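# Notes for the structure review
Here are the chains, one letter per residue:
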Amino acid sequence: MSILTPNRAEAVAALADPQRRELYCLASERPIGRDEAAAALGMPRSTAAVNLDRLADAGLLAISYERRSGRTGPGAGRPAKLYRAADAELAATIPERHYELAGELLAAAAAVADERGVPVRDALEAEAFAAGAAIGAGCADLEAALTLCGYAPCAKDAAAADGAEDAAGPTRPEAPRDAPAARGGAVGTTADLVLENCPFHTLAARHTALICGANLELVRGLATATGDERTPVLAPAAGRCCVEIRQSAG
């Protein structure tokens, strides 16, 4: 199982509807079919079906098929479509944070430090690098790995241009922040990068040296596993992650 829990803000949004929340609670108790859900909650079958499928599309419910009549073979009828709460944990934060990853790394580092008699800081940095390598191994490139971890990578020139525009005041309607135009277009694989979000923001603010050191090693692990030749370096700046990705370490 991955030590990184995907950020699922869109899944939480699916639970904003009261009917969907009731259906999700029902499916958390036992697998349910559309007819059973409609009868239990006093809603039309079509409404139950639409909302159950919406929860399944959001990854909140898992789907299975089962013949509940007990009969098999020809004439037994079609299997019923059943819904049950998905086993995966659900996490959602805005901005994206991954304190579950920080907790896993700190716990593993404490165990290693106790077992081997090494400083906790050294153990933490080693664990962070290994975690980054494991996550990066499943990603197409460094940018994809950074995005998966919630770092929000952006080409450094584009970030600087955004800052200059903000200082000068808007001169044209702004595109949404997640649109390519607002991000300076696609991030190139040779560009210097800034990381506009810190997945460990609160911890980094309170324990800066410890967490930023681990952050750097995590990103180094991502870069190594994805075969990226750019160099992650510490470059603290207000309002973003303390790590930058540079074409050279200078």
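Here we summarise the structure given alongside this text.

## Structural notes on the sheet that holds strand β1 (residues 32-33)
Within a beta sheet, neighbouring strands are joined by backbone hydrogen bonds and run either parallel or antiparallel to one another. With antiparallel pairing, 3 strands are arranged side by side in an open sheet as β1-β3-β2. Two strands bound the open sheet, and with one partner strand each, they are β1 and β2 (61-66). For β2 and strand β3 (residues 80-85), the ladder comprises 6 bridges, and the chain directions are antiparallel. Looking across to β3, one finds that I63 is bridged to Y83. Its contacts with the sheet put helix α2 (residues 18-29) on β1, β2 and β3, and the angle it makes with β3 is roughly 95°. Docked against the sheet, helix α4 (residues 45-57) engages β1, β2 and β3, running at close to 120° with respect to β2.

## Re helix α5 (residues 99-116)
The first and last C-alpha atoms of α5 sit 25 Å apart over 18 residues, in line with the 26 Å expected at 1.5 Å per residue. Backbone geometry just downstream of α5 places G117 in the positive-phi region, at approximately 70°.

## Brief notes about the pairing of strand β7 (residues 243-246)
Of the two faces of β7, the one carrying V243 and I245 and the one carrying E244 and R246 are both buried. Relative to β7, strand β6 (residues 231-234) is paired through 4 bridges, and the arrangement is antiparallel. Opposite T231, over in β7, you have R246 as the bridge partner.

About the criteria used
Residues numbered from 1 in each chain as written. Predicted model: local features only at pLDDT ≥ 70, side-chain atom pairs only at ≥ 80, totals over all residues. Heavy atoms only, no water. Pairing = 2+ DSSP bridges. Helix = DSSP H or I, 4+ residues; strand = E, 2+ residues; numbered from the N terminus. Contact = heavy atoms within 4.5 Å. Axes fitted to C-alpha atoms, helices over the stretch in contact; angles between N-to-C directions. Expected span 1.5 Å × (residues − 1). Buried < 20%, exposed > 50% of the residue type's maximum accessible area, 1.4 Å probe, protein only.

Structural measurements only, silent on function.
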